[in-house]
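A closer look at the structure
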Amino acid sequence: MKLSQLTSYLESLAPLAYQEDYDNSGLIVGHPDQEINHALVSLDCTEAVVDEAITTGCQVVISHHPIVFKGLKKFNGKTYVERVVEKAIRHNIALYAIHTNLDSIMDGVNAKICETLGLTNTRILTPRHGLLKKLVTFVPVEQAEQVRKALFHAGAGHIGNYSEVSFNAGGTGTFKAGEGSNPYVGEVGMRHSEAEVRIESIYPANLESKIIMALVLAHPYEEVAYDLYSLTNQNQQVGSGMIGELEEAMDEADFLAGIKASMDCKVIRHTALLGRRVKKVAVCGGSGSFLLKHAIAAGADVFITADYKYHEFFDAEGKIVIADIGHFESEQFTQQLLCELIQKKFSNFAIRLTKVNTNPVKYFI
Ligand SMILES: [Zn+2]
């Protein structure tokens, strides 16, 4: 299949618009029209991973972390980033990253951690603002259903577990068609009144052009009237970190021992245990210290994340146990998650999980 089939599917699950400003998710090297039949999935895109793609006949490396974050000015092999990009281009290997956009969705990196830890009642820890908009349009009564259908089909009307959400109110629209127009109803030069339905529906801002296109195609009028509203509502389905609950409250030390086993970590750096049972657990794959106050506010007993600095550990203030399990360790199952997501859609497509352990951190035990 074409590379674009795979990348548009991944971006339908984790839209690029959900990535953080500093990120560089998306197709980094390669052409969307490139034919592919094998993909290699890895947490990081290192030289060893690109070598593995070459020897195993994979035409694309799908990694969580982008190999390139900043603009590259020279390609003389001085840094590993330049060498990886150069090698990929020379061997016609596409490089694709699905990073903070995959961190931000309900079924992404953090859901995989929650699943591994056996957490239930999971929700996004800090839902994101500014991702939702509202469309209001006015449609003749007869065509209201076809327009609603088209809007829903294009992605409007989702709130939590509910779909096809809209509000509809009847009223009267007026218009006078001018010279050169070809009105669907009424006559040129005469004011016309038409029974219309005002349809309101919420939509993800990143789907706006698709939704407007669907509206214009389904609407019978030559000039379609619609209003677009920016909303300050949170999108509960998109954001940073996750929080969930253990089926049964556990002793803190037992819980940490359990994480060590299930997340396959050699060591956990943590703040003082508080001598209470662990029930609520907040998680953030990778560097999550910025979420600490949200984890405390949400009543989490333990916050599992990585990349904690010495001084940041003091911020626990006896209110929560911070458990730094390591960046690679916290996100290692993202590789399996990506394989599962791709296989769900393209069951005959060959996906290979990297055999390279890309963790640059070693433990001297
Ligand atoms: Zn990461």
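Residues numbered from 1 in each chain as written. Predicted model: local features only at pLDDT ≥ 70, side-chain atom pairs only at ≥ 80, totals over all residues. Heavy atoms only, no water.

Regarding the overall build of the protein chain
Note the threshold: By the criteria applied, helices consist of DSSP H or I runs no shorter than four residues and strands consist of E runs no shorter than two, each listed in order from the N terminus. Residue contacts are defined here by distance: any two heavy atoms, one from each residue, within 4.5 Å place the two residues in contact. Values of accessible area rely on a 1.4 Å probe in the Shrake-Rupley scheme; residue burial ignores everything except the protein chains shown. Charged residues are defined narrowly, with Lys and Arg counted positive, Asp and Glu counted negative, and His plus the chain ends left uncounted. In plain terms, the charge of a residue is placed at NZ if it is Lys, CZ if Arg, CG if Asp and CD if Glu.
The helix and strand inventory of the protein chain stands at 12 helices and 15 strands. By its C-alpha atoms, the protein chain is 85 × 55 × 40 Å across when sized along the principal axes. The long-range fraction of contacts in the protein chain, counting pairs at least 24 apart against all pairs at least 6 apart in sequence, stands at 72%. Of the roughly 18600 Å² of accessible surface on the protein chain, 52% is carried by carbon and sulfur atoms. A gap of 4 Å separates the mean positions of the 34 positive and 43 negative side-chain charges of the protein chain.

Re the coordination of the zinc ion
Operational definition: Coordination here is defined by N, O and S atoms within 2.8 Å of the metal (3.2 Å for Na, K and Ca), and since water is not considered, a site can look incomplete. Every geometry call rests on angle ranges, with four donors termed tetrahedral when all angles are between 85 and 135 degrees, four termed square planar and six termed octahedral when opposite donors are over 155 degrees apart and all others are between 65 and 115, and everything else termed irregular. The buried label applies to any residue whose accessible area, calculated with a 1.4 Å probe on protein chains only, is under 20% of its type's maximum; exposed applies above 50%, and partly exposed to all values in between.
The protein atoms donating to the zinc ion are His-65 (NE2), His-327 (NE2), Glu-331 (OE) and Glu-331 (OE), with metal-donor distances spanning 2.0 to 2.6 Å. Here the zinc ion binds four donor atoms, and the angle range of 53 to 129° at the metal identifies the geometry as irregular. Spacing between the donor residues of the zinc ion along their common chain follows H-x261-H-x3-E. Taken together, the residues span about one helical turn, with His-327 and Glu-331 both in helix 11 (residues 327–331) at a distance of four residues. By relative accessible area, Glu-331 is classed as buried at 2%.

Things to note about the pattern of salt bridges
Defined as follows: Here a salt bridge means any side-chain nitrogen of Lys or Arg lying within 4 Å of a carboxyl oxygen belonging to Asp or Glu.
Going through the model one piece at a time under the given rule, you end up with 13 salt bridges. The closest approach of N and O atoms between Lys-112 and Glu-340, which form a salt bridge, is 3.0 Å. Here Lys-112, found in helix 5 (residues 109–117), pairs with Glu-340, found in helix 12 (residues 334–345); they are 228 residues apart in sequence, far enough to count as distant. Salt bridges here are not isolated pairs; linked through shared partners, they connect Lys-112, Glu-115 and Glu-340.

Section: a nonpolar patch on the surface
The criterion, for reference: The patches reported here contain residues having more than 30% relative accessible area and no salt bridge. Joining distances are 9 Å for like charges and 5 Å for nonpolar side chains (Val, Leu, Ile, Met, Phe, Trp, Tyr).
A cluster of nonpolar residues, Val-267, Val-361, Tyr-363 and Ile-365, forms a patch on the protein surface that exposes about 380 Å² of accessible area. If you trace the backbone, Val-267 turns up in the loop between helix 8 (252–262) and strand 11 (269–270).

A look at the pairing of strand 12 (residues 277–287)
Worth spelling out the cut-off: Being paired, for any two strands, means DSSP has found at least two bridges between them.
As judged from the six bridges shared by strand 10 (residues 234–251) and strand 12, these two strands associate in the antiparallel manner. Bridge pairing in strand 12 links Met-250 to Val-278. Sheet topology note: the strand 12/strand 13 (residues 302–306) ladder contains four bridges and is parallel. Counterpart to Ser-287 in the pairing with strand 13 is Ala-306.

Some words on the pairing of strand 6 (residues 132–140)
With seven of its nine residues buried, strand 6 lies for the most part within the structure. Strand direction decides the pairing type here: strand 6 and strand 9 (residues 226–230), joined by five bridges, are antiparallel. When the sheet's bridge partners are listed, Leu-135 is paired in strand 9 with Leu-228.

Comments concerning the state of the cysteines
Under the convention used in this document: Here, the term disulfide refers to a pair of cysteine sulfur atoms separated by no more than 2.5 Å.
Scanning the entire structure with this criterion turns up zero disulfides. A disulfide-free cysteine, Cys-114 has its sulfur positioned 10 Å from the sulfur of Cys-284, the nearest such atom.

Looking at the sheet that holds strand 2 (residues 38–42)
The condition is simple: Lines are fitted to the C-alpha atoms to define the axes, a helix being fitted only along its stretch in contact, and any angle between axes, read from their N-to-C directions, falls within 0 to 180 degrees.
Taken in spatial order, the five strands of this open sheet run 1-4-3-2-15, and their pairing is mixed. What marks the edges here is a single partner per strand, and that holds for strand 1 (26–29) and strand 15 (350–353). On average, each strand axis in the sheet is inclined to that of its neighbour by 25°, with strand direction left out of account. Pairing analysis gives four bridges linking strand 3 (residues 60–63) to strand 4 (residues 94–97), with the strands arranged parallel. Pairing of Val-60 across the sheet is with Ala-94, part of strand 4.

Describing helix 3 (residues 80–90)
The cut-off we apply is this: What the arc covers is the set of directions going from the helix axis to the C-beta atoms.
Restricting attention to buried positions, one finds in helix 3 the residues Val-81, Glu-82, Val-84, Val-85 and Ala-88. Taken down its axis, helix 3 places every buried residue within 165° of arc, on the same side. Contact partners of the buried residues in helix 3: strand 1, helix 2 (47–56) and strand 4. Just beyond helix 3, the residue with positive phi is Asn-92, at close to 60°.

So, the packing of aromatic side chains
To keep things clear, this is the line we draw: Note on aromatic pairs: the rings of Phe, Tyr and Trp (six-membered ring only in Trp) are paired at centre separations within 6.5 Å, and the planes decide the class, stacked below 30 degrees, edge-to-face beyond 60, tilted for the rest.
Enumeration according to the criterion identifies five aromatic pairs in this entry. Ring geometry for Tyr-308 and Phe-313: centres 5.2 Å apart, planes at 45°, overall tilted. In this structure an aromatic cluster arises from ring pairing among Phe-175, Tyr-184 and Tyr-221.

Re the environment of Leu-215
Checked against the element boundaries, Leu-215 lands in helix 7 (residues 208–218). The exposure class assigned to Leu-215 is buried, which follows from its relative accessible area of 0%. Taking the C-alpha atoms as reference points, Leu-215 and Glu-340, separated by 125 residues in sequence, lie 34 Å from one another. Excluding anything up to four places from it in sequence, Leu-215 contacts Leu-135, Thr-137, Val-147, Leu-151, Val-224 and Tyr-226.

Taken by themselves, the reported measurements are silent on function.
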